[in-house]
Amino acid sequence: VQLSTGGSASPTPSAGSPTSGGGGGGGRSGVLTFRSVASQEPEGEVVLQAKPKAFATGKAKAKAAARAPVAEDEVEVEFGEDEEWEEEQAAIPARAAAPPRGKAPPTPGTAGLKAALLRPSAFAAGVGQATARAVPARVAAAPVARKRPVEDEGDEWVRQFEAKWSQAVGETGGDEFGAEEEEQDEEEPAALDEPPAKRPRAALTAQSKAPPAAARPPAGGALGGPRQPTGPPPGKASAERRPAPAGNDEGDEVLLALLQERPDWASRCTVEPGRPGQPQRVTISMAEACLGDDGISDWCKWMERRFQAELPRGAVPTPGKCRFKASSVDFSENKLTVVGVQALCAMLEKFGVRCEVFRLTGNAMGNDGVRAVAKYLTCSVHATAVELNLSRNSKLTGEGIKWLMGNLAMHPAYPVWSSESQRYVPLWVRVENSKVRGEAGYQVLQSLCGTLSCSICLGERSADIKCGPRQCVNVGCCDELKHNCVAHLCSWEAPEGAHPLPAPAAHARPLFAPAGRGAPKAPPSGVETPAREEPRIMYEDEDVAVVLKPAGWSCLPQPKGVNPAWAKLKPLARRRQVGELMAQEPAPPLQAWLLLHFGPEPSCEAARDPASDRGIVHRLDVDASGPLLVGKTAKGFEHARKQASSGLVKDYLALVHGSFATERGECVAPIDTSPYAETKRVRVAGVGQPAVTVWEAIAEYQSMDKTERYTLVHCRMVTLRTHQLRAHMQHLGHPLVGDTLYGDGDVPAFCPRLFLHKFRIGFFNINEEACFESCSLQTAPDLWQALCRLRKVGGMAMMGCGAPGL
């Protein structure tokens, strides 16, 4: 094998090297030593010849030993430790063990392994390339006086062997791997100076192309020939050592069985090894696979087993952690309904699969299917997709689009930060459906932009540049500040004469918007100094309602002190009773207010039913404030319970101690609620239930004496566990201000209570309409005043958001 650097080069083993056949005198075990030899080639060219030790003959060794080198500089190629070299010598076959001329060398029978076999030619090429890179400049420039040595019969045998090997492996498609290696060998060596985590993927050479454990030939090669040493070269610095990963023979066997079980799926779904510390590369192309709900369920079970086999030994799927990254997840033109889409998204979320493009075109999913997709898109602090295609889903309506946009709005991961354009780019969404297009669809967009305080781009053009999946030319999206434009809706157009959609604004502005319907109400007559505010109605229809619970009201189930006779009181008497609840020192039950407010209405049987807990389906801590979904009627109560189990959109604002090192992040830590009944606390422990909290820093504050730092964070609850946010913030080392359970027990003078406020809730009402209700920080005057007593010193809310602070 001949390789050249700045000319032709072919290294020849020196007489004293281990390959020369000498008794080891002057040679170092485990090291091949090459010397530059003189020839009659033109000046400036060094001809070196490298032969694998397995194919060196006695005649060639004698010739090599007889040649006298001109230059004394040695070029060493180090392969492994001494013991590894001895193992390789034991595995070197004799000339007589060469394969017969009439037969091709045996090749692996598994199609999944053939592309990963290491050929002797590739091995020799790697040696020659390493040698050429290691030649000193003065050796490469030295004139050579001798001609290139004539190839002997050993060279002829090597050439015949490689030709037969290439023919045998080429019949199984193995040449693709060799071609890819040769193509990457042409990359500039300078790219290898970067750390593996920062190298371009194309710059990784044979070390990144090492086959998995199941694909590696046994010791001595598939044919008993030389194998590539796995250990680092001896004598190198310890920082350069990269130990080979431990094999997982059991997982390899499972993986091979899975590939053979469904070869049709295996050809459509590929998993490639990732770089160290990086997710593995995945391609999922299941378009037009005739998959229904049963088929996708079987595929998800098969893919779960495959993902588990691909994970390192002992690793388990962790919510929120990206293990696999796909260029495309394509399930277009199948027959998936909501059941199939839910199974697919749950599997992708379980194994932390992110993708560039998520295609569900041409299926039968409806709004509930969009709900599953939205849950997958918002399950992490990192965007799980950059492009989303939902075209030709006939059951999808404008309410599904509203639900999707509502989930993206205010989420820490959206709009997506693009490292290419150094801008925040909205999610690229393609929905081509007659039910959500035209004037009716545009009215839906106008409604949701007003309700969600967000913006949507319909695609704009600036000169020759137009909006795309990686850039947005909208004027409001062209700076580095995070904006509230959450999506590009492709192929949508505004009807003639319609009002334009709102322009992009600051991402955090809705958090500090005016109170609106959530503004505090005047207390009933006769109550001069109430101990707490009265609850307010934020949304109401015939069956359900959204109630803003102020701090100081208890949501504990089945409380005492609620008199069923209150439902029969006259309006004035009911107002007096509400005043008494607001003035009493112990925290009154919220169920009492629900009975007084809804109980007199004949249709509101849930408010009068203690078994239904007066309509409450989820709860807030006593010292926390925010909106709650409640059922008024029996039908509404059951619907509200289903919404709570399906997943409500819940956004919180909290002021925590200290400053974060990053602008956004997530806490993935299980919550154990077993001690709650005894201690009224939960704990972060491995035996608990999975819990994920995604957070984003909004503003940083400082005490007036400059001794304390605080951070106002927005938290999206991916899971809903008891005290999840408080336990997670304490686990991160940033307990909530005023938290006596999980903090240091001190309540600062500037904040009268626990600084925790839920400012948004999202759900579907009984008519399948997507509803989002926001309660800005101004609906909690005590918390607003607390921030006004601090100095605002940083964060995205410094400008253009109306955040309080000095």
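Every residue gets a number counted from 1 within its own chain, in the order that chain's sequence is written. Residue-level local features of this predicted model are given only where pLDDT is at least 70; pairs of side-chain atoms are given and counted only at 80 or more, and the full residue set underlies all totals for whole chains, interfaces and linings. Excluding hydrogens and water, the side-chain figures rest on all heavy atoms present in the structure.

Brief notes about the pairing of strand S6 (residues 324-330)
- For the exposure calls, accessible area comes from a 1.4 Å probe over protein chains only, and a residue counts as buried if that area is under 20% of its type's maximum, exposed if over 50%, partly exposed in between. Numbering of helices and strands starts at the N terminus; helices are DSSP runs of H or I of at least 4 residues and strands are runs of E of at least 2. Along S6, five of the seven residues are buried, which leaves the element largely enclosed by surrounding structure.
- The rule for pairing is simple: two strands pair if DSSP sees at least two bridges between them. Summarising the sheet, strand S5 (residues 280-285) and S6 pair through five bridges and their orientation is parallel. Across the sheet, Val282 pairs through a bridge with Ala326, a residue of S6.
- Note that S6 and strand S7 (residues 353-359) share six bridges and pair parallel. Across the sheet, Ser328 pairs through a bridge with Val357, a residue of S7.
- Throughout, right-handed denotes a crossover for which the path from the first strand over the helix to the second runs clockwise when the strands point away from the viewer. Once the chain exits S6 it traverses helix H11 (residues 338-350) before rejoining the sheet at S7, and the crossover so formed is right-handed.

Some remarks on the pattern of salt bridges
- Basic side-chain nitrogens of Lys or Arg form a salt bridge, by our definition, when they fall within 4 Å of a carboxyl oxygen of Asp or Glu. Counted according to the given criterion, the structure contains 24 salt bridges.
- Arg306 is the partner of Glu310 in a salt bridge, and the nearest nitrogen-oxygen pair spans 4.0 Å. Residue Glu310 and its partner Arg306 are located together in helix H10 (residues 293-310), separated by four residues, close to a single helical turn. Pair check on accessibility: Glu310 and Arg306 agree, each one buried.
- Linking Arg619 and Asp613 is a salt bridge whose minimum nitrogen-to-oxygen distance equals 2.9 Å.

Description of unusual backbone geometry
- Cis geometry is found at the peptide bond from Tyr414 to Pro415, where omega equals -5°.
- If you check the backbone angles, Ser453 has positive phi at about 55° while not being a glycine.
- For Ser453, the position within the fold is in the loop between helix H14 (438-452) and strand S12 (455-457).
- Judged by relative accessible area, Ser453 falls into the partly exposed class, the value being 34%.
- The backbone of Arg614 shows a phi angle near 60°, a positive value even though the residue is not glycine.
- Relative to the helices and strands, Arg614 resides in the loop between helix H17 (605-608) and strand S18 (626-631).
- Exposure remark for Arg614: the relative accessible area of 7% places this residue in the buried category.

Some words on the sheet that holds strand S16 (residues 536-540)
- Strand order in this open sheet of three strands is S16-S17-S18, and the pairing throughout is antiparallel. Of all strands in the sheet, those bounded by a partner on one side alone are S16 and S18. Neighbour to neighbour, the strand axes of the sheet diverge by 30° on average, direction disregarded.
- The strands that helix H18 (residues 634-646) touches are strand S17 (544-549) and S18; relative to S18, the one it contacts most, it runs at about 130°. With axes taken as lines fitted to C-alpha atoms, and helix axes fitted only over the stretch in contact, angles between N-to-C directions fall between 0 and 180 degrees. In this analysis, two residues are considered to be in contact whenever any of their non-hydrogen atoms come within 4.5 Å of each other.

Quick look at the sheet that holds S12
- The strand order across the open sheet built from eight strands is S4-S5-S6-S7-S8-S11-S15-S12, with neighbouring strands paired in mixed fashion. Two strands lie at the open edges of the sheet, namely strand S4 (269-272) and S12, each paired on one side alone. On average, each strand axis in the sheet is inclined to that of its neighbour by 25°, with strand direction left out of account.

Notes on the side chain of Lys402
- Locating Lys402 in the fold gives a position in helix H13 (residues 398-408).
- One buried charge, Lys402, has no salt-bridge partner; the nearest side chain with opposite charge is Glu399, at 4.9 Å.
- Leaving out residues up to four positions away in the same chain, Lys402 has contacts with Ser447, Leu448, Leu452, Ala770 and Phe772. In this tally, Lys and Arg are treated as positive and Asp and Glu as negative; His is ignored, and so are the chain termini.

Details of the packing of aromatic side chains
- In this analysis, rings of Phe, Tyr and Trp, with Trp reduced to its six-membered ring, are considered paired at centre separations within 6.5 Å, and the interplanar angle assigns stacked below 30 degrees, edge-to-face beyond 60, and tilted for intermediate values. Counted by the stated rule, this structure contains twelve aromatic pairs.
- Judged by centre distance (5.7 Å) and plane angle (65°), the rings of Trp265 and Trp302 are edge-to-face. You can see Trp265 sitting in helix H9 (residues 263-268) and its partner Trp302 sitting in helix H10, a full 37 residues away along the chain. By the burial criterion, Trp265 is buried, and Trp302 matches it.
- Placement of a positive charge over a ring is assigned whenever Lys NZ or Arg CZ falls within 6 Å of the ring centre and within 35 degrees of the normal to the ring plane. Note that Arg262 overlies the ring of Trp265, its terminal NZ or CZ placed 3.7 Å from the centroid.
- Over the face of the ring belonging to Trp403 we find Arg371, whose NZ or CZ atom lies 4.8 Å from the ring centre.

Functional significance is not addressed by these values, which are geometric in nature.
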